[in-house]
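Coordinate analysis (summary)
The primary structure of each chain is shown beneath.
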Amino acid sequence: AVVSTQSTGEDNASLRRAITKLSELENNLSTVHSEMADSDLFVFGETVKDYISIIQAAKAAFDERVKTFSVWESSQSTLAKKREAKNKATLQGKADRVAQCDEDIRFWEGKVEKCQEDFEVISKNLKEEIRIFEEIWVRDIKESAISYFQKLIDCENQIVGHWKEFLPEAKIIN
């Protein structure tokens, strides 16, 4: 816009024409740069954002798996202690204590079994999500990256083309 206003006051016709063409070039380049910015945001930026979200979800799932495994191990340890306490109470002939230990053992056996089931379900779900990620998301990310770089190349070619259009006008300035 600034360049086009400068052309109106120029006496040299070839220079005036070149300045007018330079103004057109400036507008064309601005359009191409806007397309590149949109491509950066919508094609590549959204893909990266989605990819980061998937990785964060996977990390949370792995953290939950680790937590479940830790609870499972702790429950197994407690169950082993309860069984030792029952053996000790049995050897000492404490029938009331043996009955309490049997109740505790049943509770902790259930807890260990539940923790193991939870761990196995989480592990199975994680394996399936990883399989889906490898099959679908990796392909989608690759396609998005190719699309993004192709758009970038197209924009760069447009820029070169616009400069080539302007070059003859610049050469005839006398």
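What counts as what
Residues numbered from 1 in each chain as written. Predicted model: local features only at pLDDT ≥ 70, side-chain atom pairs only at ≥ 80, totals over all residues. Heavy atoms only, no water. Helix = DSSP H or I, 4+ residues; strand = E, 2+ residues; numbered from the N terminus. Rg over C-alpha atoms; globule rule 2.2 N^0.38 Å. Buried < 20%, exposed > 50% of the residue type's maximum accessible area, 1.4 Å probe, protein only. Contact = heavy atoms within 4.5 Å. Axes fitted to C-alpha atoms, helices over the stretch in contact; angles between N-to-C directions. Parallel < 35°, antiparallel > 145°, perpendicular 65-115°, else oblique. Nonpolar A, V, L, I, M, F, W, Y, C, P; charged D, E, K, R; others polar. Expected span 1.5 Å × (residues − 1). Bend = angle between axes of the 7 residues up to and from the residue. Salt bridge = Lys/Arg side-chain N within 4 Å of Asp/Glu carboxyl O. Phe/Tyr/Trp six-rings, centres within 6.5 Å; stacked < 30°, edge-to-face > 60°. Patch = residues over 30% accessible without salt bridge, like charges linked within 9 Å, V, L, I, M, F, W, Y side chains within 5 Å. Areas by Shrake-Rupley, 256 points an atom, 1.4 Å probe, with all protein chains shown as cover.

**Quick look at the overall build of the protein**
Along the backbone of the protein there are three helices and zero strands. Listing the helices and strands of the protein from first to last along the sequence gives α-α-α. A compact globule built from 174 residues should have a C-alpha radius of gyration of about 16 Å, whereas the protein, at 36 Å, is more than 25% larger. Along the longest, intermediate and shortest principal axes, the C-alpha atoms of the protein span 120 × 30 × 15 Å. Taking all 174 residues of the protein together, 21% fall into the buried category. Put simply, 77% of the contacts in the protein that link residues at least 6 apart link residues at least 24 apart.

**Quick word on the packing of helix α2 (residues 13-92) against helix α3 (residues 95-171)**
Look at α2 against α3: their axes get within 7 Å of each other, and the N-to-C directions meet at 170 degrees. It follows that α2 is roughly antiparallel to α3 by the angle criterion. Of the residues assigned to the contact of α2 with α3, the class counts are 38 nonpolar, 15 polar and 19 charged.

**Details of α3**
The terminal C-alpha atoms of α3 lie 109 Å apart, and with 77 residues this matches the ideal 114 Å at 1.5 Å per residue to within 8%. Along α3, the helix axis deviates most sharply at Phe-133, where the bend reaches about 35 degrees.

**Brief notes about the pattern of salt bridges**
Pairing between side chains of opposite charge can happen when their charged atoms approach one another. Throughout the structure, instances matching the rule amount to 13 salt bridges. Arg-83 is paired through a salt bridge with Glu-109; the nearest N and O atoms lie 2.7 Å apart. Here Arg-83, found in helix α2, pairs with Glu-109, found in helix α3; they are 26 residues apart in sequence, far enough to count as distant.

**Here we look at the packing of aromatic side chains**
Tallied over the full model, the rule gives seven aromatic pairs. Seen in terms of ring centroids, Tyr-51 and Phe-133 are 5.7 Å apart; in terms of plane orientation they differ by 35 degrees. Their pairing is tilted. Of the two residues, Tyr-51 is situated in helix α2 and Phe-133 in helix α3; the sequence distance between them amounts to 82 residues. Ring-pair connections join several aromatic residues into one group, and the members of that group are Phe-69, Trp-72 and Phe-119.

**Brief notes about the environment of Gln-100**
Looking at the element boundaries, Gln-100 is found in helix α3. Considering only alpha carbons, one finds Gln-100 and Glu-128, 28 residues apart in sequence, at a separation of 42 Å.

**Comments concerning the environment of Ser-23**
With respect to the element layout, Ser-23 can be found in helix α2. C-alpha of Ser-23 to C-alpha of Phe-166: the two residues are 143 residues apart in sequence and 10.0 Å apart in space.

**Quick notes on the side chain of Ser-144**
Relative to the assigned elements, Ser-144 resides in helix α3. In this structure Ser-144 touches Val-43 and Thr-47, once residues within four positions along its chain are discounted.

**Regarding the side chain of Thr-68**
By the element assignment, Thr-68 lies in helix α2. Overall, the relative accessible area of 9% leaves Thr-68 in the buried class. Not counting the four nearest positions on each side in its chain, Thr-68 is found in contact with Cys-115, Asp-118, Phe-119 and Ile-122.

**With respect to α2**
The α-helix advances 3.6 residues per turn, and as a result positions three or four apart in sequence lie on the same side. Between its first and last C-alpha, α2 extends 116 Å over 80 residues, near the 118 Å set by a 1.5 Å rise per residue. Along its length, α2 reaches its greatest deviation from straightness, about 35 degrees, at Gly-45. Looking one or two residues beyond α2, the residue adopting positive phi is Gly-93, at roughly 75 degrees.

**Looking at a nonpolar patch on the surface**
Taken together, the side chains of Phe-44, Val-48 and Ile-52 define a hydrophobic patch exposed on the protein surface, amounting to about 220 Å² of accessible area. Here Phe-44 shows up in helix α2.

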